[in-house]
Amino acid sequence: MLYSFEHTSAPQYWLTRFVILRLLGAVYAVAFLVAITQVLPLIGSNGLLPVDHYLHQVSIALGSKGAGFMRLPSVFWFWHSDQALLLVSWTGLILSLIVVAGYANGLSMGVLWVLYLSLVHVGQEWYGYGWEIQLTETGFLAIFLCPLLDMRPFPKRPPPLLVIIVFRWLIFRIMFGAGMIKYRGDAVWRNGTALYYYFETQPIPGPFSRWFHFLPHSLLQLGVWFNWLAELLAPWFVFGPRIFRHIAGTVIILFQFAIILSGNLSFLNWLTIVPALACLDDGFWAKLLPGILVRKAAKAEEQAEVSLPMQYTALIVTCIVGLLSFQPAFNLLSPKQIMNTSFDPLELVNTYGAFGSVGQERFNVVFEGTRDLNPDSANWKAYPYKGLPVAPDGTPRQVAPYQLRLDWQMWFAAMSTADQYPWTYHLAWKLLHNDPGGVGLFAGNPFPGKPPRYIRAVIYRYRFARPTPGAGPYWEREKLGLWLPVLSVQNPQFVAYLKGQGWL
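Bear in mind that the values here come from a model prediction, so they are computed numbers and not experimental data.

(A) Structural context of the packing of helix α4 (residues 82–100) against helix α5 (residues 106–122). The N-to-C vectors of α4 and α5 enclose an angle of 145°; their axes lie 10 Å apart at closest approach. α4 and α5 meet at a crossing whose hand is left-handed. From α4, Val88, Ser89, Thr91, Gly92, Leu95, Ser96 and Val99 reach across to α5, where they touch Ser108, Met109, Val111, Leu112, Leu115 and Leu119. The residue inventory of the contact of α4 with α5, partitioned by class, reads eight nonpolar, five polar and no charged.

(B) Focus on the sheet that holds strand β6 (residues 475–487). Across the sheet, four strands lie side by side as β4-β3-β5-β6; this open sheet has antiparallel pairing. Each end of this open sheet is capped by a strand with a single partner; those strands are β4 (381–382) and β6. As paired elements, strand β3 (residues 362–370) and β4 share two bridges and run antiparallel to each other. The residue of β4 that forms the bridge with glutamate 368 is alanine 382. Across the face of the sheet, helix α19 (residues 423–432) comes into contact with β3, β5 (454–464) and β6 while running at roughly 85° to β6.

(C) Region of interest: the environment of leucine 484. For leucine 484, the location among the structural elements is in strand β6. On the accessibility criterion, leucine 484 (0% relative accessible area) is buried. Sequence spacing of leucine 484 and arginine 456 is 28 residues, and the spatial spacing of their C-alpha atoms is 5.4 Å. Residue contacts for leucine 484: discarding those within four places in its chain leaves Phe367, Ala418, Thr424, Tyr425, Ala428, Arg456 and Ala457.

(D) Quick peek at a positive patch on the surface. A surface patch of positive charge is lined by Arg371, Lys381, Lys450 and Arg453. Its location among the elements puts arginine 371 in the loop between β3 and β4. By relative accessible area, which is 32% here, arginine 371 ends up partly exposed.

(E) Region of interest: α19. When you tally the buried positions in α19, you get 10 out of 10 residues, the bulk of the element. Every buried residue belonging to α19 is among Trp423, Thr424, Tyr425, His426, Leu427, Ala428, Trp429, Lys430, Leu431 and Leu432, and all of these are buried. After α19 finishes, the residue asparagine 434 shows a positive phi value of roughly 50°.

(F) Geometry of a nonpolar patch on the surface. On the surface, a nonpolar cluster with roughly 740 Å² of combined accessible area is contributed by Leu161, Leu162, Ile165, Phe239, Val306, Leu308, Tyr312 and Leu315. Taken together, the elements giving at least two residues each to the nonpolar patch come down to α7 (161–185) and α16 (308–324). Checked against the element boundaries, leucine 315 lands in helix α16. On the accessibility criterion, leucine 315 (40% relative accessible area) is partly exposed.

(G) Representation of the pattern of salt bridges within the structure. Evaluated as defined, the whole model comprises 10 salt bridges. Put simply, lysine 182 and glutamate 231 hold a salt bridge, and the shortest N to O gap is 3.2 Å. With lysine 182 in helix α7 and glutamate 231 in helix α11 (residues 217–233), the pair connects residues that are 49 residues apart, well separated along the chain. Judged on exposure class, the residue lysine 182 and its partner glutamate 231 are both buried. Arginine 461 is the salt-bridge partner of glutamate 478, the closest N and O atoms lying 2.6 Å from each other. You can see glutamate 478 sitting in strand β6 and its partner arginine 461 sitting in strand β5, a full 17 residues away along the chain. Using a relative accessible area of 15% as the deciding quantity, one classes arginine 461 as buried. Taken together, the shared-partner salt bridges connect Lys156, Arg157 and Glu305 into one network.

What counts and what doesn't
- Residue indices begin from 1 for each chain and proceed along its sequence in written order.
- Totals for whole chains, interfaces and linings use every residue, but because this is a predicted model, local features are given only for residues with pLDDT of at least 70 and side-chain atom pairs only at 80 or more, for both listing and counting.
- In computing side-chain properties, one takes all heavy atoms of the structure into account and sets aside hydrogens as well as water.
- The axes are straight lines fitted to the C-alpha atoms, using for helices just the contacting stretch, and the angles between their N-to-C directions are given from 0 to 180°.
- Helical segments are the DSSP runs of H or I of at least four residues, strand segments are the runs of E of at least two, and each set is numbered from the N terminus.
- Crossings are sorted by hand: turned counterclockwise from the far helix by less than a right angle, the near helix makes the crossing left-handed, and turned clockwise it makes it right-handed.
- Note on definitions: a residue-residue contact is assigned when non-hydrogen atoms from the two residues lie within 4.5 Å.
- For this classification, the nonpolar set comprises Ala, Val, Leu, Ile, Met, Phe, Trp, Tyr, Cys and Pro, the charged set comprises Asp, Glu, Lys and Arg, and every other residue, Gly included, is treated as polar.
- Two strands pair under a simple rule: DSSP has to find at least two bridges between them.
- Exposed residues in this analysis have more than 50% of their type's maximum accessible area, buried residues have under 20%, and partly exposed residues fall in between, with area computed by a 1.4 Å probe over protein chains only.
- Every patch collects residues that have over 30% relative accessible area and no salt bridge, joining them within 9 Å if they carry like charges and within 5 Å if they are nonpolar side chains (Val, Leu, Ile, Met, Phe, Trp, Tyr).
- Where accessible areas are quoted, they stem from the Shrake-Rupley method and a 1.4 Å probe; at the residue level, only the protein chains shown are allowed to cover.
- When a carboxyl oxygen of Asp or Glu is within 4 Å of a side-chain nitrogen of Lys or Arg, the pair counts as a salt bridge.
- Only four residue types enter the tally: Lys and Arg on the positive side, Asp and Glu on the negative side; His and the chain ends are excluded.
- We put the charge of a Lys on NZ, of an Arg on CZ, of an Asp on CG and of a Glu on CD.

In structure tokens, the structure reads:
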């Protein structure tokens, strides 16, 4: 007879823990894969923002390396060569894949947390996104969800209920914080028109973004109401009775899948699903997962042995999270709410939010080069991004959960000036030398044999072209002017600026 978790006196979370850890392992794997492929050209010794230079600046600002370590704990204070960056990234990927395969314990999850926290704390603006500290907070809680040493998918120690509840507190803050920052931040959310613009102006559109953009306005307004349901209403029921928790968790998860389908928001939405899974107990999962997993979970529950040290540890962690939650909770209630901010050096309890305002126009900065002698009459060739649109006929592709960190930063940069993103001058220098790391951040090199004589960056306004029966352009664009001036290696002011920044 098939065991039914519906018949147990209290909800069980053996299958819930199994699913949480597997999905978190997959998110970790993607995050470390991104580091393997991009960390050297971004923060390596020859990167756009070298980690050695950054740690030196932090040490000077705070008075010593020790003070720097206390403010930004990271293993890279002790060793930060290119080999160290890759060793941490590869170790993280291998451990993550072991977790995905079904084998996790407190020790392995703790190592993953330390390694990723170390990357976040030296990643500078490349790692300044809300989902980075969200991954460190989620990863920290996961340490205490499983036994210290037993790596079996269904160990004899039951998942501590307190840790499950703290996961629910995390999803409450993520969702409610995102809802309040929207409500307070922009009238287009309050009047229901935000989705008229969002799909077109989001950081990296996906293959279905244009389809969503041209939906009838009545459906787009309905989408805003679904947003309010998932972010402002559902979070209040994650602590409620079983049926309400299940409904709230399901709404939140379906909302995340809708966002996944409509764009490329890195691994944010997959990561947000992780704590939402804590709303669902084994009675829910027993109806969805393969019978072999359900039977193994039932057997583990029958043979369970409660570990007092594990329970006491969960209690201590819950108390720590509770104490550290005062500032994030006050921030949620504050009319001056801030988003994606940590209040402690270990990023244990943070405040979150996304798209507090929605741009109504899309601007893209396109790097261009030429070998011609006269830049005023030159034939300029564009460097194609891997995700951001460049050519009007370029069709967006699915990138997420992988993250293109240069593309994301250039989306922000297009709403500012080059002086606010000084590393773009360093990038231009690398393009002028066909530097493999700098050029490799783009989808292609229009000057494969010999580097360009001049580099510039042009800012364009982009709009979705309305779909037509034929194979028309995907984008319409309008040139607005130069974002970076014409630069060459013979420009003395350019060279002096790079030397002043410590990059030459």
